[in-house]
Amino acid sequence: FPAVLLCPGAGQDVGRSCILVSIAGKNVMLDCGMHMGYNDDRRFPDFSYITQNGRLTDFLDCVIISHFHLDHCGALPYFSEMVGYDGPIYMTHPTKAICPILLEDYRKITVDKKGETNFFTSQMIKDCMKKVVAVHLHQTVQVDEELEIKAYYAGHVLGAAMFQIKVGCESVVYTGDYNMTPDRHLGAAWIDKCRPDLLISESTYATTIRDSKRCRERDFLKKVHETVERGGKVLIPVFALGRAQELCILLETFWERMNLKAPIYFSTGLTEKANHYYKLFITWTNQKIRKTFVQRNMFEFKHIKAFDRAFADNPGPMVVFATPGMLHAGQSLQIFRKWAGNEKNMVIMPGYCVQGTVGHKILSGQRKLEMEGRQILEVKMQVEYMSFSAHADAKGIMQLIRQAEPRNVLLVHGEAKKMEFLKQKIEQEFHVSCFMPANGETTTILTNPCIPVDISLGLLKRETAIGPLPDAKKPKLMHGTLLMKDNSFRLVSPEQALKELGLAEHQLRFTCRVHIQDPRKEHETVLRVYNHLKG
Amino acid sequence: YRDLHTFELQAPTRLIEWACGNRVCVAGYGQSDGNEILQLIPPPTLLTKETQGLCPERDFKVECGGFSERPVYSLKYVPDTSLLVTSGPPDSSLQVWQVSAEDSDVIKCVSTLATENGTEQSWAKIATISARAPWVLHGSRLDRVQITEVESKKNVYTATSRGSEELSGLAFLDCNTLLLCCAKGQLCLADIRQPQSLVEAMSMPSAPCSEQWCMGTRHGAQGLELSSQPVARLSSKGLLTLTDLRKTSEFLALAKARVPSPGSGAEFLCVSWAPALEGYLAISGFDGTVHVYDTQSWDSSGREAEPVFVHKGHAFGGAGGSGDLPLVTVHTWHLQKPRTLLSAASDGSLHVWDWVQPCGKC
């Protein structure tokens, strides 16, 4: 039966994904994330639990990574190069292309900026990626003779996938992070009615009722507009890929509609990389973008130009998208330092910031920052945080369950206490069992295995001739004899079985004596009993 | 607008109740079972007095929830307890729920307060108070009004009445005085210290009887004083009357709201006073809008009144216009933020909006 273990580590935080699934004797690791809130070894999952019984490569059949966010792949190089794993690592093509960039970025902050030592090196990232096998959507990949996997579109970010893991007739679907509503540059997650024995779904946002996207966007545009109208400058630190494109499309459309003249700039690093990857992976974006891409290049904007570092000193309003996203180094930090002292300016953080970065500090309210060389930077510019991340809420989770029709559901990332209501909701609506294990806990799911049996044609013909045809929804009872020989199972008619086994048919007749006291004549009583039985 | 947030509930609600800790409660009213009662934590933008900008947390969180087999038409928290009471068709019995403790987020039904029923399919209107003990005032008709102690289920008071008019609302004016509003418009006062005296309609200028009426009483921050707060009544044709309970023989004010006709019935009629803005009230239930009025300029002429603000969001929102336009089922004012309201509609939308005083700088 599938058994699922949420890899232990510090605490029960939402911070990191790493799940071990044991299915029909195969062991698969789902995601290998790093906890973004810790600065020490607690950020990595604790693999000693598995390694104490031998080498990881022998124990694990494969590792699957759902998408490039660091809380899903951040510990991969540590795991494969420092702990030691040489087996296959599966992920989608975009994930394979983007992961190393983010890992390297993160490595730079941790090692170069913060001077940590127990961390993976650039070479390790490269060596790790050599073990990666990229997969396409809906492509069945044979990991070995018995284990096969298949990726499904998950929305959320470019390249994110949900994976189905199948061994014989037992299967598990792992969702990673997914989103059931399409946005400007990505479609919604989709899966077919694969009826897995277990669906492992993230549930971080399960108890959330989200503000409508239109309102968030409206407020974002309002803030940008207000700042630009009063002559201020807006800095939006972004990662090279992901939300940046979404926001660009949003601003471009708004600028066009409102006929605005203030310049919008895109960091050069961004333009090249982003466009390059998006063009490569155009099939991964949503339908609308693909269509417009054919007419004109969606990522070549009319109002958005490439940035030159000299522009930061230009007077007047402007909007700049610059990397990296947490203001921890590079161009975005440089621009920030130039603009921070003016209260007319604004910085909008579009995503989560790791502790220790400037982004995190200013979001926590710090307004006096210590920079290199003991210089104090006073932050007078407005600091805003706008989260556009796309996760499934309760409604989305229900939709996915409805699509896949699993027999059991397991929710990760939520707090067990606060999920009782959702658990009941799922159990009531779909009549399935719902599990919510804590970190370090193993859940065992019982499955009903399907045993394939050959049925003789004669028997099949005979059974279908009697009564109505069998209906998929209402199983029909049939009679036969099951012959188990060597490793084969066959269902034949009793007569055939007897013949094959060389046995003679015996008939057993049961009689029993019943005394009836009745004043009537003998033949009258017999007639009455007969009629009664007949009726 | 100063601010507008739109949300989508999985199922529409016809009630929005405030609970302590600034929680908000909504519940489903679908005919089939599987209705959910949800206690929500509003986003931080609503919890603070000052409206922030792009707040990191803009979402409602489901704090706890329960499952109800019958549609929930009315819900009231029992003050100073962790209980709430609901009512809904097919009869006028009440369900008592325990809002959970630390170890679970499920709202459990702990008991039922059964009432003797007539044959009609009516549901009880409810009000709660915890003056001497946790009490619930309930009844679907004038002759079935009673107060039951929530925990012990003991009957504390039963109203005596000649009439059997259907009720559209009831309220505790203070721990001894009840105000009842009949669907045909009559208002009745009752003193629970005198259970034998008949509950009768107060004499007031007649209002058209063919319409359905509902009432709104003002709950100030300091509790309600019988004398000072006018009672508002709203009719299904848009007529608004303000009455001073000390002098019911004449209307304090009479006005007409511009509402579409023919109306959509009186199912979701709702009128409420602003708790933090003197003289302002809001009405809804006619279409997909909520109207806000300043009653201080009203007189008794019955003229048409101009709303200070009209929230139209529910009529425009939503995924794809298929068929009927949504109808606003309920609205309520924020208890501290003077111009913030919450409204819900029949398409499951839930809006939180903050309107700007029109005669300002814009």
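The residue numbers shown here count from 1 along each chain, following its written sequence. Chains carry letters from A onward and ligands carry numbers from 1 onward, assigned in written order. In keeping with the model being predicted, local features are shown solely for residues with a pLDDT of at least 70 and side-chain atom pairs are shown and tallied solely at 80 or more, while totals for entire chains, interfaces and linings include all residues. The side-chain values count all of the structure's non-hydrogen atoms but skip hydrogen atoms and water molecules.

A.B. asks: Summarise the confidence of the model for chain A; cite the residues concerned and give the values.
C.D. replies: Close inspection of predicted coordinates is inappropriate in any region flagged by low pLDDT. Here chain A averages 83 in pLDDT, and 87% of its residues register 70 or above. Confidence drops under a pLDDT of 50 for residues 9-13 of chain A, and excluding neighbours within four residues, the segment shows ten contacts in the predicted structure. The predictor reports its confidence for every residue as pLDDT, a score running from 0 up to 100. Any two residues having at least one pair of non-hydrogen atoms within 4.5 Å are treated as being in contact.

A.B. asks: How would you sum up the interface of chain A and chain B? Please name residues and give values.
C.D. replies: Quoted interface sizes are often the accessible area lost when the parts come together. Counting from both sides, the interface comprises 29 residues of chain A and, opposite them, 32 residues of chain B. By buried area we mean how much accessible surface two parts lose on assembly, using a 1.4 Å probe and totalling the loss over both. Both faces considered, chain A and chain B share a buried interface measuring about 2600 Å² in area, 52% of it formed by carbon and sulfur atoms. Considering only the side of chain A, the residues that lose the most area to chain B are Ile209(A), Asp211(A) and Phe421(A), jointly responsible for 28% of the buried surface there. Salt bridges are counted wherever a side-chain nitrogen of Lys or Arg sits within 4 Å of a carboxyl oxygen of Asp or Glu. Linking chain A with chain B are four salt bridges, by the criterion used here. Measuring nitrogen to oxygen at the nearest pair gives 2.8 Å for the salt bridge that ties Lys425(A) to Glu36(B). Polar contacts, as counted here, are pairs of nitrogen or oxygen atoms within 3.5 Å of one another; within protein the pair requires one atom able to donate a hydrogen and one able to accept it, and residues that are adjacent in sequence qualify only if both atoms are side-chain atoms. Where chain A meets chain B, there are ten residue pairs in polar contact (both at pLDDT 80 or more). A run of DSSP states H or I qualifies as a helix once it reaches four residues; a run of E qualifies as a strand once it reaches two. Both are numbered from the N-terminal end. Where the side of chain A that touches chain B is concerned, the elements lending two or more residues are strand 12 (208-209), helix 7 (213-229), strand 20 (382-385), helix 13 (394-404) and helix 14 (420-430) of chain A. Top contributing element to the side of chain A that touches chain B by residue count: helix 7 of chain A, with eight residues. Of the residues belonging to the side of chain A that touches chain B, the class tally is ten nonpolar, five polar and 14 charged. Strand pairing is assigned whenever DSSP detects at least two bridges linking the two strands. Pairing between strand 12 of chain A and strand 5 (residues 60-68) of chain B: two bridges, direction antiparallel. Counterpart to Ile209(A) in the pairing with strand 5 of chain B is Phe60(B). Gly is put with the polar residues, along with every residue not named as nonpolar or charged; the nonpolar set is Ala, Val, Leu, Ile, Met, Phe, Trp, Tyr, Cys and Pro, and the charged set is Asp, Glu, Lys and Arg.

A.B. asks: How would you explain the packing of helix 7 of chain A against helix 8 (residues 243-258) of chain A if you had to name every residue and give the values?
C.D. replies: Residues and elements named next belong to chain A. Here, axes are lines fitted to C-alpha atoms. For helices the fit covers the stretch in contact, and angles between N-to-C directions go from 0 to 180 degrees. Put simply, helix 7 and helix 8 touch, their axes get as near as 11 Å, and they point 65° apart. For the element pair helix 7 and helix 8, the recorded crossing hand is right-handed. Judged by residue contacts, Lys213, Glu217, Phe220, Leu221, Val224, His225 and Val228 of helix 7 engage Glu246, Leu247, Leu250, Leu251, Phe254, Trp255 and Met258 from helix 8. When the residues that make up the contact of helix 7 with helix 8 are grouped by side-chain class, the tally is ten nonpolar, one polar and three charged. For a crossing to be left-handed, the near helix must be turned anticlockwise from the far one by less than a right angle; the clockwise case is right-handed.

A.B. asks: Hey, could you go over a nonpolar patch on the surface for me, with residue numbers and the actual values?
C.D. replies: On the surface, Ile451(A), Val453(A), Leu482(A) and Met484(A) cluster together into a nonpolar patch covering about 390 Å² of accessible area. In this structure, Leu482(A) sits in strand 25 (residues 481-485). Two joining distances apply to patches: 9 Å for like charges and 5 Å for nonpolar side chains (Val, Leu, Ile, Met, Phe, Trp, Tyr), and every residue must have over 30% relative accessible area and no salt bridge. Method for areas: the Shrake-Rupley scheme with a 1.4 Å probe, in which residue coverage is limited to the protein chains shown.

A.B. asks: Lay out helix 11 (residues 330-339) of chain A with the relevant residues and their values.
C.D. replies: An α-helix turns once per 3.6 residues; consequently, residues spaced three or four apart project the same way. By the burial criterion, the buried members of helix 11 of chain A are Gln331(A), Ser332(A), Leu333(A), Ile335(A), Phe336(A) and Trp339(A). Packed against the buried residues of helix 11 of chain A are strand 13 (233-237), strand 16 (318-322), strand 17 (346-349), helix 12 (358-363), strand 18 (368-370) and strand 19 (376-378) of chain A. Think of it in three bands: residues with accessible area under 20% of the maximum for their type are buried, residues over 50% are exposed, and the middle band is partly exposed, with areas taken using a 1.4 Å probe on protein chains only.

A.B. asks: Lay out the pattern of salt bridges with the relevant residues and their values.
C.D. replies: Evaluation of the coordinates by the stated rule reveals 34 salt bridges over all chains. Residue Glu405(A) pairs with Lys193(A) through a salt bridge whose shortest N-O separation is 2.9 Å. Linking Glu405(A) in the loop between helix 13 and strand 21 (408-412) with Lys193(A) in the loop between strand 10 (170-174) and strand 11 (198-202), this pair joins segments that are 212 residues apart in sequence. Judged by relative accessible area, which is 30%, Glu405(A) ranks as partly exposed. Two residues, Asp59(B) and Arg210(A), come together in a salt bridge whose shortest N-O distance is 3.7 Å. Of this pair, Asp59(B) sits in the loop between helix 1 (44-47) and strand 5 while Arg210(A) is found in the loop between strand 12 and helix 7, placing the two residues in two different chains. If you follow the salt bridges from partner to partner, you end up with Arg55(A), Asp58(A), Glu81(A), Asp86(A) and Lys131(A) in one network.

A.B. asks: How would you summarise the sheet that holds strand 17 of chain A if you had to cite specific residues and measurements?
C.D. replies: Pairing between sheet strands relies on hydrogen bonds along the backbone, with the strands arranged either parallel or antiparallel. All names here are of chain A. An order of 15-14-16-13-17-20 is seen for the six strands of this open sheet, with the pairing classed as parallel. The sheet terminates laterally at strand 15 (304-306) and strand 20, the two strands that pair on one side only. Recorded for the sheet is a direction-independent mean angle of 25° between the axes of neighbouring strands. Direction of pairing for strand 13 relative to strand 17: parallel, over a ladder of two bridges. Its bridge partner being in strand 17, valine 234 is matched across the sheet by methionine 346. Across the sheet, helix 7 lies against strand 13, strand 16, strand 17 and strand 20, angled at about 140° from strand 13, the strand it touches most. On top of the sheet, helix 11 reaches strand 13, strand 16 and strand 17; it is set at about 150° to strand 13, its chief contact.

A.B. asks: Outline unusual backbone geometry, listing residues and values.
C.D. replies: Note that the residue after Pro89(B), namely Pro90(B), is joined by a cis bond; omega there is 15°. Among the structural elements, Pro90(B) can be located in the loop between strand 7 (83-87) and strand 8 (94-98). For Arg195(A), which is not glycine, the phi dihedral falls at a positive 50°. Among the structural elements, Arg195(A) can be located in the loop between strand 10 and strand 11. Here Arg195(A) falls in the partly exposed class, since its relative accessible area comes to 45%.

A.B. asks: Can you break down the packing of aromatic side chains residue by residue, with the values?
C.D. replies: Classification of ring pairs uses Phe, Tyr and Trp, with its six-membered ring standing for Trp, and accepts pairs whose centres are within 6.5 Å; under 30 degrees between planes counts as stacked, over 60 as edge-to-face, and the remaining range as tilted. Under the definition given, this model contains 18 aromatic pairs over all chains. Each ring, one from Phe307(A) and one from Phe311(A), has its centre 6.0 Å from the other, and the planes form 85°; the classification is edge-to-face. Ring centres of Tyr280(B) and Trp355(B) lie 5.9 Å apart, and the angle between their planes is 35°; on these two criteria the pair is classed as tilted. With Tyr280(B) in strand 22 (residues 280-284) and Trp355(B) in the segment after strand 27 (349-354), this pair connects stretches of sequence that are 75 residues apart. Both residues of the pair, Tyr280(B) and Trp355(B), belong to the buried class. Across the ring face of Trp123(B), the terminal group of Lys125(B) is positioned such that the distance to the ring centre comes to 4.0 Å. Charge-over-ring placement is defined geometrically: NZ (Lys) or CZ (Arg) within 6 Å of the ring centre, and within 35 degrees of the ring normal.

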